[in-house]
Amino acid sequence: MDKLKAYVIGATGLVGQRYVQLLAEHPWFELVGVAASERSAGKKYGEINWVLETPMPERAAELKIDKLDVDAVPKVDVVFSALPSEVAAKVEPELAKRGYLVVSNSSNMRLEPDVPLIIPEVNPDDLALIREQRARRGWSGAVLKKPNCSTTILDLPLKPILDEFGVSRIHVATMQAVTGAGYSGVPSVAIIDNLIPYIKGEEEKIVNESKKIFKRDLEIYATTTRVPVLDGHTEVVYVDTVKDFDVEAVVEAMAKFRGLPQELGLPTAPPQPVVPVAGVDRPQPRLDRMAGRGMSVVVGRVRRLGPKKLAFVALGHNTIRGAAGNAVLAAELLIKSDYY
Ligand SMILES: NC(=O)c1ccc[n+]([C@@H]2O[C@H](COP(=O)([O-])OP(=O)(O)OC[C@H]3O[C@@H](n4cnc5c(N)ncnc54)[C@H](OP(=O)(O)O)[C@@H]3O)[C@@H](O)[C@H]2O)c1
């Protein structure tokens, strides 16, 4: 098929760079343009401060950075958004009104009832909300959201537990990487040799977004912290299950869990979305964050603390599965669905 044209807004930031990296080698999409603030506009993309571990894709380096302007976005098939949410809140609905399909990382609109908030392996059916969104708002385009990074990394391993054993209560404490706060998010002086035991708004996002994704009033408690890790959020999770379990059965349920993206063979789908790892000292950010090319959540330390009391540690790449990778996978799913 002809490649679909993709445009990235917020392309110079940490999530924007991941989009550019993923789209450059994507079999379905062609990156035709990038936009950012007036601070970057007019430069070549090759002049930005590229921070990823692989070289900047050559074709991206040649693109001129547009100043973001809803009236000047070229005609493309998908707009991938990595804007700060206060900017996205103004820009994304305007683009959807003008007929663009916007696949977004930002937290605005995530909880609105007609906005799909998609982890492709967990709640693919929620793409149907696009039809309702268009009818209700009179848009020919649409806005599709991916959840908060920590929500995604928690909800992927929770899904097989919920399906097989039921869940009555969840406690989670996160240790989140500095890249989760954006390029200029956490000053080095604040985070080196340190831990910050609070991330504004993050605990509420985990709780409220998980309730929306699983469509139930889950009893869920979260504490979110920032740690001096570059990439990869680690989450310590305690789950009260409805049925009792043994550890082997939980590990097996996680290991064999697959979703629609795997069934459809979507290009960004990892073969195994949840990867249990052996060894009492795993998962670790440096060793495990690139599992499934950054799209798998790695789970270790699975323990039975008592009847119906499960504990485990989950780790996922915050800018890939937690951000741009999940968004690209959601776009692939949408393209294969009836709602595109
Ligand atoms: N980092 C993560 O792990 C992660 C995970 C999940 C979700 N998110 C969400 O994804 C979004 C992007 O995060 P990030 O970490 O990539 O942030 P970031 O590194 O701060 O990048 C922000 C991007 O937005 C652009 N921008 C800022 N103000 C703008 C304006 N007024 N008009 C046009 N463009 C503007 C910036 O362009 P300039 O370079 O020109 O300033 C830059 O390209 C945020 O909403 C964040 O909450 C992030």
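### Things to note about the packing of helix α5 (residues 149-165) against helix α8 (residues 247-256)
Here's step 1: At a minimum axis distance of 9 Å, the contact between α5 and α8 shows a crossing angle of 120 degrees. Between α5 and α8, the angle falls in the class oblique. By crossing handedness, the relation of α5 to α8 is classed as right-handed. Residues Pro157, Pro160, Ile161 and Glu164 of α5 pack against Val250, Ala253 and Met254 of α8.
Here's step 2: The residue makeup of the contact of α5 with α8, split by class, is 6 nonpolar, no polar and 1 charged.

### Regarding the nonpolar core
Here's step 1: Of all hydrophobic cores here, the largest spans 96 residues; its most connected members are Val8, Tyr19, Val79 and Val299.
Here's step 2: The greatest single-element share of this core, amounting to 10 residues, is contributed by helix α11 (residues 320-335).
Here's step 3: Here this core spans two domains, and each of domain 1 (4-148 + 324-335) and domain 2 (149-316) adds at least three residues to it.
Here's step 4: Once residues within four sequence positions are removed from consideration, Val79 is found in contact with Tyr7, Ile9, Val73, Leu95, Tyr100, Leu101 and Val102.

### Points about the packing of α5 against α11
Here's step 1: Running from amino to carboxyl end, α5 crosses α11 at an angle of 90 degrees, the nearest separation of the two axes being 8 Å. Regarding the angle of α5 to α11, the classification is roughly perpendicular. Between α5, through Cys149, Thr152 and Ile153, and α11, the contact on the second element is made entirely by Arg321, Gly322, Ala323 and Asn326.
Here's step 2: For the contact of α5 with α11, the class distribution of residues is 3 nonpolar, 3 polar and 1 charged.

### Structural notes on the site of the ligand
Here's step 1: In the vicinity of the ligand lie 29 residues, with Gly10, Gly13, Val15, Ser40 and Gly182 positioned nearest.
Here's step 2: Mapped by element, the contributors of at least two residues to the shell around the ligand are α1 (14-24), α3 (85-97) and α11.
Here's step 3: Among the residues forming the shell around the ligand, the class breakdown is 12 nonpolar, 16 polar and 1 charged.
Here's step 4: Lining the shell around the ligand are residues from two domains, each supplying at least three of them: domain 1 (4-148 + 324-335) and domain 2 (149-316).

### Observations concerning the domain arrangement of the chain
Here's step 1: Taken domain by domain, the chain holds domain 1 (4-148 + 324-335) and domain 2 (149-316).
Here's step 2: Placing a centre on the C-alpha atoms of domain 1 and another on those of domain 2 gives a separation of 24 Å.
Here's step 3: Each side of the interface is counted separately: domain 1 has 25 residues, and domain 2 has 27 residues.
Here's step 4: Put simply, the parts of the chain that give the side of domain 1 that touches domain 2 at least two residues each are α1 and α11.
Here's step 5: The class makeup of the residues in the side of domain 1 that touches domain 2 is 14 nonpolar, 7 polar and 4 charged.

### A closer look at the environment of Val91
Here's step 1: As for its position among the elements, Val91 is in helix α3.
Here's step 2: The exposure class of Val91 is buried, given the 23 C-beta atoms found within 10 Å.
Here's step 3: The spatial distance from the C-alpha of Val91 to the C-alpha of Leu68 is 8.9 Å, given a sequence separation of 23 residues.
Here's step 4: When residues no more than four places from it in sequence are discounted, the contact partners of Val91 are Leu68, Val70 and Leu83.

### Topic: the sheet that holds strand β12 (residues 309-316)
Here's step 1: The mixed open sheet is built from 6 strands, whose spatial order is β8-β7-β9-β12-β11-β10. At either end of the open sheet lies a strand with only one pairing partner, and these are β8 (220-226) and β10 (274-276). Neighbour to neighbour, the strand axes of the sheet diverge by 25 degrees on average, direction disregarded.
Here's step 2: Most of the contacts of α5 go to strand β9 (residues 233-241), to which it runs at about 30 degrees, and overall it touches β7 (167-176), β8, β9, β10, β11 (297-306) and β12.
Here's step 3: Here α8 sits on the sheet and contacts β10, β11 and β12; the angle it forms with β11, its principal contact strand, is near 155 degrees.

Thresholds, definitions, all that
Residues numbered from 1 in each chain as written. Predicted model: local features only at pLDDT ≥ 70, side-chain atom pairs only at ≥ 80, totals over all residues. Axes fitted to C-alpha atoms, helices over the stretch in contact; angles between N-to-C directions. Helix = DSSP H or I, 4+ residues; strand = E, 2+ residues; numbered from the N terminus. Parallel < 35°, antiparallel > 145°, perpendicular 65-115°, else oblique. Left-handed = near helix turned anticlockwise from the far one by under 90°. Contact = placed C-beta atoms within 7 Å. Nonpolar A, V, L, I, M, F, W, Y, C, P; charged D, E, K, R; others polar. Core = buried A, V, L, I, M, F, W, Y, C linked by C-beta atoms within 7 Å. Buried ≥ 20, exposed ≤ 12 C-beta atoms within 10 Å, placed from the backbone. Domains from an automatic or database assignment. Near = placed C-beta within 6 Å. Pairing = 2+ DSSP bridges.

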